[in-house]
Amino acid sequence: MGIQAPAQDILPPAKSSDPTQINIFGSIVRIVPLTGGIQHAFNESDGSPKYRFLRQQGVQPSRHLPDTLIIGVKKSGTRALLEFIRLHPDVRAAGCEVHFFDRHYAKGLHWYRNHMPATIEGQVTMEKTPSYFITKEVPQRVHHMNPGTKLMVVVRDPVTRAISDYTQAASKKPGMKKFEELVFLNGSYDPAYELGRVQDFLGLKRVVTEKYFYFNSTKGFPCLLKSEARSSPHCLGKTKGRNHPYIDPLAIDRLRDFYRPFNIKFYQMTGIHFGWL
Ligand SMILES: Nc1ncnc2c1ncn2[C@@H]1O[C@H](COP(=O)(O)OS(=O)(=O)O)[C@@H](OP(=O)(O)O)[C@H]1O
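All values reported here derive from a predicted model rather than from experimental measurement. Residues take numbers from 1 onward in each chain, read along the sequence in its written order. Restriction of local features to residues with pLDDT of at least 70 applies here, the model being predicted, together with a cutoff of 80 or more for giving and counting side-chain atom pairs; totals for whole chains, interfaces and linings are based on all residues.

1. Considerations on the pairing of strand 11 (residues 221-224)
It is a general feature of regular strands that their side chains alternate between the two faces of the sheet. As a reminder, the rule being used: Partly exposed residues are those whose C-beta has more than 12 but fewer than 20 other C-beta atoms within 10 Å; 20 or more makes a residue buried and 12 or fewer makes it exposed, with C-beta atoms placed from the backbone. Helix numbers and strand numbers start at the N terminus; a helix is a DSSP run of H or I with at least 4 residues, a strand a run of E with at least 2. One requirement defines pairing of two strands: DSSP has to find at least two bridges between them.
Residues Pro 222 and Leu 224 point to one face of strand 11 and are all buried, whereas Phe 221 and Cys 223, pointing to the other face, are not buried. Two strands pair when backbone bridges link them, and strand 10 (residues 213-216) and strand 11 are joined in this way by four bridges, in the antiparallel orientation. Bridge pairing links Phe 213 to Leu 224 in strand 11. Where strand 10 folds back onto strand 11 in an antiparallel hairpin, the turn is made up of four residues, including Gly 220, whose phi is positive at roughly 80°.

Here is the structure:
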């Protein structure tokens, strides 16, 4: 099994003697196996009891290119979706944002695969990088890797999303201009219900159910009762659920007017009325 990668973007000059490279209509194409093989097998650093046990049983996990990507949208709850779906025993995910299709594409698919967790047969490999949604080269690159890749997009009221994005940027850069100055220059949800739909989409048995979640009223979000990493109740880190600054209501109204036609178009495209005002 092989996949084709665009030669000009990621490959060094072709060596005609290299059997893994072929010439198609003048383009040099490198054939990369979808799975990691023995040399990329299980990393000792991933020493969870489950994987130790599997190794003892002779099951050899290996790295695979992802089957599923969470491609955005930034500040919409992409981390929450990833952390919640990876509670499923048949889902393995890269912990950090890999940024392969936007920043590191030139490093090639071998590099990408080495950033994936080791999996055993039947497990879904996943990563999330929200900037894929806004990088114009990404759709074509993902299609080149595997046209069957499943894509997931988390959406949020664009006004609150914009304020969240601003809050994050301001937390990293003291003295940043006010939101109202920058922006015009140029809800609650049920995680078990949503995760049920995500598991269906991924073709997985519904394992992640309401018993994994509780609502933390101080944070104002659903949090985890336990996960593979921690057996006690915990929320996502303190960079999620920051307090947003006060924004002039007139600025909010103007933003809502700006987004309204795009929201209506989006509702028509998806067939879902999200109810953003
Ligand atoms: N369960 C739970 N716990 C914590 N946070 C939650 C949760 N569900 C959704 N959210 C919202 O996720 C927002 C951050 O979105 P992302 O994870 O997509 O951010 S990022 O793009 O990866 O930086 C974050 O935005 P802020 O409220 O602005 O911090 C939260 O509103």
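That covers the picture; the talk isn't over yet.
2. Topic: the packing of helix 6 (residues 158-172) against helix 9 (residues 249-270)
What describes two packed helices is the angle between their axes and the distance between those same axes. The following threshold applies: Every axis corresponds to a line fitted to the C-alpha atoms, with the helix fit spanning only the stretch in contact, and the corresponding angles, defined between N-to-C directions, vary from 0 to 180 degrees. Throughout this description, any angle smaller than 35 degrees is read as roughly parallel, any larger than 145 degrees as roughly antiparallel, any in the 65 to 115 degree range as roughly perpendicular, and the remainder as oblique. Residues are scored as being in contact if the C-beta atoms we place from backbone atoms lie within 7 Å. Polar here means any residue outside two lists: the nonpolar Ala, Val, Leu, Ile, Met, Phe, Trp, Tyr, Cys and Pro, and the charged Asp, Glu, Lys and Arg; Gly therefore counts as polar.
The interhelical angle for the contact between helix 6 and helix 9, taken along N-to-C directions, is 120°, at an axis separation of 9 Å. In terms of orientation, helix 6 lies oblique with respect to helix 9. Touching Pro 158, Val 159 and Ala 162 of helix 6 are Ile 252, Leu 255, Arg 256 and Tyr 259, all from helix 9. Tallied by class, the residues present in the contact of helix 6 with helix 9 amount to six nonpolar, no polar and one charged.

3. Here's the deal with helix 9
Think of an α-helix as turning once every 3.6 residues; residues three or four places apart then point the same way. Test applied: Expected helix span is computed as 1.5 Å times (number of residues minus one). We define the bend at each residue as the angle formed by axes fitted to the 7 residues ending at it and the 7 residues starting at it.
For helix 9, spanning 22 residues, the distance from its first C-alpha to its last is 29 Å, which sits close to the expected 32 Å at 1.5 Å a residue. In helix 9, a bend of some 40° at Tyr 259 exceeds every other bend along the element, and Pro 261, a proline, comes one to four places later. The buried fraction of helix 9 is low, at two of 22 residues. Directly beyond the C-terminal end of helix 9, a positive phi value near 75° is found at Gly 271.

4. Regarding the UniProt feature "binding site: 3'-phosphoadenylyl sulfate" (unreviewed entry) in the protein chain
As a reminder, the rule being used: UniProt positions are given in the numbering used here, feature names are shortened, and annotations may be inferred rather than shown by experiment.
UniProt records the feature "binding site: 3'-phosphoadenylyl sulfate" (unreviewed entry) at Lys 75, Ser 76, Gly 77, Thr 78, Arg 79, Arg 156, Ser 164, Lys 240, Gly 241, Arg 242, Asn 243 and His 244, using the numbering of this structure. Within the secondary structure, Ser 164 sits in helix 6. Residue classification places Ser 164 among the buried positions, given that 20 C-beta atoms sit within 10 Å. When sequence neighbours within four positions are dropped, the list of residues in contact with Ser 164 reads Lys 75 and His 244. Following the sequence through the fold, Arg 242 ends up in the loop between strand 11 and helix 9. Exposure remark for Arg 242: the 12 C-beta atoms within 10 Å place this residue in the exposed category. Excluding residues within four positions of it along the chain, Arg 242 makes contact with Thr 167 and Ser 171.

5. So, the confidence of the model for the protein chain
Low-pLDDT portions of the prediction should not be read for the details of their coordinates. In plain terms, the rule: Confidence of the prediction at every residue is given by pLDDT, a number between 0 and 100.
Averaged over every residue, the pLDDT of the protein chain is 83; residues scoring 70 or more account for 80%. Residue range residues 1-16 is modelled with pLDDT below 50. Its contacts to residues more than four positions away, or to other chains, number 32 contacts. For residues 19-45, every residue scores under 50 in pLDDT, and the model assigns this stretch 54 contacts once sequence neighbours within four places are set aside. Interface predicted TM-score (ipTM) for the complex: 0.98; the corresponding pTM is 0.71.

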